[in-house]
Amino acid sequence: MRILIVLRQNKNLEAFLGVIRSLLDRGHHVTTAIQEWDGERDERVAAVLQSDRFTNVPCPPARLDGGASAATLVRSLRDCVHYLRPELREAAKLQARTVEKLRQKMALPVRPAAVSAFLRRLTPAQVEEWETVLAMAERSVPPDPILEEFIASARPDVVLVSPLVHFGSAQADVIATAGRLGIPTGMLLYSWDNLSTKGCLHRVPDRMFVWNAQQRDEARTIHGYPAERVAVVGAPRFDEFFALQPMLSREVFHAGLGLDPSRPTLLYLCSSRFVTKEELPFVRRWIAGVRSAAAEPLRSANIIVRPHPDIGLLPGSEPTENRKIGHPDALRVRIARPFDDPAALVLRTSLATPHGLFESIFHSAAVVGLNTTAELEAGIVGRPVFTVLAEGAEVDGQQTTLHFHYLLKERGGFVSVGRTFADHLAQLDAALREPADPAPIQAFIREFLRPHGLDRPVGPIYAEAIEQAYAASGAVSGSSRIGSDAAPGFSRTSSTLRIDMHESPELARLTAEDAPALDAPVVEWLQQSVAIGDVLYDIGAGAGLATVLAARHRGAVVVAFEPGYAVFGRLCENVRLNGCQDAVIPLPLALSHEEGLKELKYDIGGEGQDRHRLGPRDWRVKPIHSDRMYVQPVCVSPLDAVIRRHRLPAPNHLRLSRGVDVVGVLQGARGTLASPALKSLCI
């Protein structure tokens, strides 16, 4: 099969590396596309998955056509209504998050609490009616031409996406477009909370691949997805963690951190910003509670605090020490000591490998956390996990979510919950005095993460399940349902070149009776030469016609150079007006063959506009004359130096507009012109 996997972020790709390797080993062709663009990451992916059957290609981050705004609004509304369903109404934090996203989308000048209060007054019948209407609106959202071109050019037999369920998900358009092209689709579940915390399933894939039976039930009860189309395969993201073994002895690990190895160690695992906006105050209260315990060994236990990987470090706990523990490069750590407690520290290890987290868990007697995925890693290692019901605005993402309850002992899990700090401390004291029985922990981990056996990696099982799921649909190598008209280069954008521009002098000139609305040769060049994900440098971008066209209708990343002070403002406004702000880098720089401060001269009456030229002399202070035509001081640099200095993405295409010092720009771009990444030049 030819399999296209569209992923939202790099972490989604990392979770499925084992699955992709297994698919490649089984002879399938796999193409991955990550919506959040990162050129360096793409190179790393290609190095990790070395196979002539694997490719990693650029992907449109989201739709940018005329239907983008309507699609986002419909999905934001559906997410809000979704959490008004009876089985979800108690998840107040989840509902509040959807309301805030809707408020931002519609620029509502009201408090989120007021919107939530209004929505919660809807009756169950009204909620059902809203869901029906919004589902109909979703189905009427038109296809995105750029996504059609992107998917068709890959010629896949199957399109898989992850995570799909996400607020206002742009991946819903991937599922809809693939279905329109007659290609089978599937959703790869990324995390334990995706089905419960990330809103509505806006477009329904043909198949869904989940970790466990509980998530299969979630798909049915929360999203109405047919259970018979769900495959329970396990959690591939933990395969690497299951295979780890300790590299450091207890003595070496603790001595390297400046801790006493004769004392037991408690590991506190921090949660995401959604669970708690500011966790450090709670951590301080928790440490104070441990230190006030009635008896040893709890009172004098070592305490290690690990920040959540999505948070640089806890505010106020910047690292003060960098160390290597064990034999050379065994474990590199960063340590902070913000607690005025010699036996308590904040520890950070490299995110590139899970080994640092493994060692931290392995050498701990017990693990504590509010609501975090890392509790599952603790269960894999066999350590007991404890939590305490927290109160206060800084930790409002614990009890008011659904997935918090999944791991609790009272729900069949392995996490012990203390209703009060006193209960929690008593549980910790008991755990340090008598080691926990690992059997119940192991049983839950098998059921939740590896339902086909603790000793069986999930990657190969997952690949086999994908293979079997689509074999019946005829999705075998060479059987793509896309016709020959959808080969690479296929485009349906020519008839839908709509962009929105603020009224301006530049636009007035272009729309005059004797002038075309757009420069036809430039439009033709963009359509024929610029591919999805390419990087275009628009030099002399003006108000941004070519910039917006390339970003919105070609799916390009654009670096737009425009030194005119007034037209630069309109360039930025037009980028925002067309929703291209995540794909365009506007820079108020002039390019030439040398560095310096030059004079930018304008046509009479056109100060700040797009008709300007660089003067030959350096700018200098002059006598003040109020009636003198403005000559703008402007920073000038060679293009090669700008790319190097600001670490800009290497261009695949250069466009030099009218009025640009072409010779000077090209003289300052010798390295860029010699780069194999450069595909075309439009002057």
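This is a predicted model, so every value here is computed, not measured.

1. Remarks on a nonpolar patch on the surface
- Judged by side-chain polarity, Leu597, Trp619 and Val621 come together as a nonpolar surface patch covering roughly 280 Å² of accessible area.
- Topologically, Val621 is positioned in the loop between strand E21 (612-618) and strand E22 (631-637).
- Owing to a relative accessible area of 69%, Val621 belongs among the exposed residues under this scheme.

2. Quick notes on the nonpolar core
- Ranked by internal contacts, the top residues of the largest apolar core, which has 73 residues, are Phe150, Ile151, Met208, Trp211, Leu257, Leu376 and Leu449.
- Top contributing element to this core by residue count: helix H8 (residues 145-154), with six residues.
- Formed by 30 residues, the second largest nonpolar core is a distinct cluster that contains Leu13, Phe16, Leu49 and Val158.

3. A look at the packing of helix H2 (residues 17-25) against helix H19 (residues 458-471)
- Across the interface, H2 lies against H19 with an axial gap of 8 Å and an inter-helix angle of 60°. By the angle between their directions, the pair H2 and H19 is classed as oblique. When the axes of H2 and H19 are compared, the crossing they make is right-handed. Facing Gly18, Val19, Ser22 and Leu23 of H2, the residues of H19 in contact are Gly459, Pro460, Tyr462, Ala463 and Ile466.

4. What to know about helix H7 (residues 124-139)
- In a regular helix each residue adds 1.5 Å, so 16 residues correspond to 22 Å; H7 covers 23 Å between its end C-alpha atoms and thus fits that length.
- Here the buried face of H7 lies against helix H4 (68-82).

5. Remarks on the side chain of Asn652
- Counting through the fold element by element, Asn652 comes out in the loop between helix H24 (639-646) and strand E23 (653-656).
- The buried category is assigned to Asn652, whose relative accessible area is 13%.
- Looking at Asn652, its side chain comes within polar contact range of the main-chain nitrogen of Val535, at 2.7 Å.
- In this structure the side chain of Asn652 is engaged in a polar contact, spanning 3.1 Å, whose partner is the backbone oxygen of Ala677.

Thresholds applied
Residues numbered from 1 in each chain as written. Predicted model: local features only at pLDDT ≥ 70, side-chain atom pairs only at ≥ 80, totals over all residues. Heavy atoms only, no water. Patch = residues over 30% accessible without salt bridge, like charges linked within 9 Å, V, L, I, M, F, W, Y side chains within 5 Å. Areas by Shrake-Rupley, 256 points an atom, 1.4 Å probe, with all protein chains shown as cover. Salt bridge = Lys/Arg side-chain N within 4 Å of Asp/Glu carboxyl O. Helix = DSSP H or I, 4+ residues; strand = E, 2+ residues; numbered from the N terminus. Buried < 20%, exposed > 50% of the residue type's maximum accessible area, 1.4 Å probe, protein only. Core = buried A, V, L, I, M, F, W, Y, C linked by side-chain atoms within 4.5 Å. Axes fitted to C-alpha atoms, helices over the stretch in contact; angles between N-to-C directions. Parallel < 35°, antiparallel > 145°, perpendicular 65-115°, else oblique. Left-handed = near helix turned anticlockwise from the far one by under 90°. Contact = heavy atoms within 4.5 Å. Expected span 1.5 Å × (residues − 1). Polar contact = N/O pair within 3.5 Å; in protein donor to acceptor, adjacent residues only side chain to side chain.

The values reported here are purely geometric and, on their own, carry no functional implication.
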